[in-house]
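A closer look at the structure
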Amino acid sequence: METEPLFRKVAITGGAGYVGSALVPVLLAAGYEVTVLDLFLYGEDVFEGDGAHPRLRRVRMDIRDEAGLTRALAGAEAVIHLACISNDPSFELDPRLGKSVNYDAFLGLLRAARANAVKRFIYASSSSVYGVKKEPNVTEEASCEPLTDYSRYKLLCEEALRKEGVGEWMILRPATVCGYAPRLRLDLTVNILTIHALTRKVITVFGGSQLRPNLNIRDMAAAYRLLLEAPARLIHGETFNVGYQNRTVTEIAQIVRREVGDPQVKVTVEPTNDLRSYHINSDRIQRVLGFLPQRTIEEAVRSICEAYRAGQIPNPEDPRYTNIKMMRAVKLEESFVG
Ligand SMILES: NC(=O)c1ccc[n+]([C@@H]2O[C@H](COP(=O)([O-])OP(=O)(O)OC[C@H]3O[C@@H](n4cnc5c(N)ncnc54)[C@H](O)[C@@H]3O)[C@@H](O)[C@H]2O)c1
């Protein structure tokens, strides 16, 4: 599809996170003016060479500060909302904090975006809103039966957005992201197995038959850019799954072992009671927007191997790579006090 920037000024909440650290450089290179609104929980140095880019503005703030958000969004034409306590364990660490960031702040963000007449609003939901499904094709029409509070609040935000709206809005339900980015998460399936193969020479698989939907981080960034640039008539009020390869955990372990290329790496299997499978169908985003992921799980594994061997992941045990460890360390207050 021929795309042309419709907006120049984009604000990204949580733009210093894993996805943001891959997306921000893509948008800067495409000519956007980018404002990152973030607490920088996982570090400041996440934009590599772009840190001092003249079109990058960083605003260190808590998205629960609605007055601050309203000020920070002045002039923003589009918002991509990524900020989040972004997985089940870190949400469950403190459910009240999780709700305040993942849900209450979302309502404030909608108000702040409306007050600034933001034209386009892209919400990062999650494919986990579907819960476990038996049917082979989990399309956007499948019922949502979230199994955890993290997923439930993702869905409640979707419902609030559908009800209240803000400019041209849309909802993206991504698969689990994989591959290297400057703010790296090593608590996601492909990434965990890869770092264990590299550092421990052992990949432990619990069960193994469970399906997981995956998306390379470079395709994740490309999908957000596409949503910024798509004509409003194709995206307004729409919900899109976005994923590429659905694979069992055993298959992922085999891919990792092969790509790491170290014959000493062993795959061990441990029993588990949790054989829940998740998978999604992403035909719709291809049909409507022509989006077809270009990068594989194999490339994601190789990107982490290359970064590790180049010394870019000096201490994989550092809490900055694992959300729950960092959330324990930073101890955010349950409610925001300005
Ligand atoms: N990574 C995935 O596999 C995946 C899959 C599906 C959906 N998502 C969604 O995509 C979004 C981005 O995910 P990610 O992997 O980059 O997460 P991440 O945890 O790496 O990034 C989240 C960012 O939000 C910031 N943040 C957290 N609380 C904040 C607050 N109160 N105020 C301001 N900033 C705050 C953090 O500092 C961090 O930079 C999330 O909404 C997540 O739920 C991610």
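It should be noted that the structure appears before, not after, this text.
Basis of the calculations
Residues numbered from 1 in each chain as written. Predicted model: local features only at pLDDT ≥ 70, side-chain atom pairs only at ≥ 80, totals over all residues. Heavy atoms only, no water. Helix = DSSP H or I, 4+ residues; strand = E, 2+ residues; numbered from the N terminus. Rg over C-alpha atoms; globule rule 2.2 N^0.38 Å. Buried < 20%, exposed > 50% of the residue type's maximum accessible area, 1.4 Å probe, protein only. Contact = heavy atoms within 4.5 Å. Areas by Shrake-Rupley, 256 points an atom, 1.4 Å probe, with all protein chains shown as cover. 1 Å grid on protein atoms, 1.4 Å probe; cavity = no way out; pocket = protein on both sides within 12 Å on 5 of 7 lines; lining within 4 Å. Points joined across faces, edges and corners; volume = space filled by probe spheres on them. Nonpolar A, V, L, I, M, F, W, Y, C, P; charged D, E, K, R; others polar. Salt bridge = Lys/Arg side-chain N within 4 Å of Asp/Glu carboxyl O. Pairing = 2+ DSSP bridges. Axes fitted to C-alpha atoms, helices over the stretch in contact; angles between N-to-C directions. Expected span 1.5 Å × (residues − 1). Polar contact = N/O pair within 3.5 Å; in protein donor to acceptor, adjacent residues only side chain to side chain.

1. Side note on the overall build of the protein
Counting secondary structure elements, the protein contains twelve helices and twelve strands. In terms of overall dimensions, the protein is globule-like: its C-alpha atoms have a radius of gyration of 19 Å, near the 20 Å expected for 338 residues. In the protein, buried positions account for 56% of the 338 residues. In the protein, the share of contacts with a sequence separation of at least 24, taken over all contacts with a separation of at least 6, comes to 78%. With the model as given, the accessible surface of the protein reaches about 14500 Å², and the carbon-plus-sulfur share is 49%.

2. Observations regarding empty space enclosed by the protein
Here the structure, examined in full by the defined rule, presents one cavity of 30 Å³ or more. Quantified by volume, the largest cavity comes out at close to 50 Å³. As for the largest cavity, its lining consists of His81, Leu82, Ala83, Cys84, Asn102, Tyr123, Ala124, Lys154 and Cys157. Its residues placed into classes, the lining of the largest cavity shows six nonpolar, two polar and one charged.

3. Thoughts on the pattern of salt bridges
Under the definition given, this model contains 24 salt bridges. Taking the shortest distance from any N to any O, the salt bridge between lysine 99 and aspartate 104 comes out at 3.0 Å. Residue classification places lysine 99 among the partly exposed residues on the basis of a relative accessible area of 30%. Overlapping salt bridges, with partners in common, bring together Glu44, Arg58 and Arg60 in one network.

4. Thoughts on the sheet that holds strand E3 (residues 56–60)
Across the sheet, seven strands lie side by side as E3-E2-E1-E4-E5-E6-E10; this open sheet has parallel pairing. This sheet does not close on itself; its edge strands, each paired only once, are E3 and strand E10 (238–242). In this sheet, adjacent strand axes meet at a mean angle of 15° when their direction is disregarded. Where strand E4 (residues 78–81) and strand E5 (residues 120–124) come together, four bridges link them in parallel fashion. Within E5, the position partnered with valine 79 by the bridge is phenylalanine 121. The sheet contacts of helix H4 (residues 95–115) involve strand E1 (9–13), E4 and E5, and relative to E5 the element is tilted by about 165°. Where helix H5 (residues 149–164) meets the sheet, its contacts fall on E5, strand E6 (168–174) and E10, and the angle it forms with E6 comes to roughly 160°.

5. Some points on helix H7 (residues 217–229)
For H7, spanning 13 residues, the distance from its first C-alpha to its last is 19 Å, which sits close to the expected 18 Å at 1.5 Å a residue. Across the 13 residues that make up H7, a large majority, ten, are buried. Listed in full, the buried residues belonging to H7 are Ile217, Asp219, Met220, Ala221, Ala223, Tyr224, Leu226, Leu227, Leu228 and Glu229. N-capping of H7 is provided by asparagine 216, with a side-chain oxygen placed 2.9 Å from the backbone N of arginine 218.

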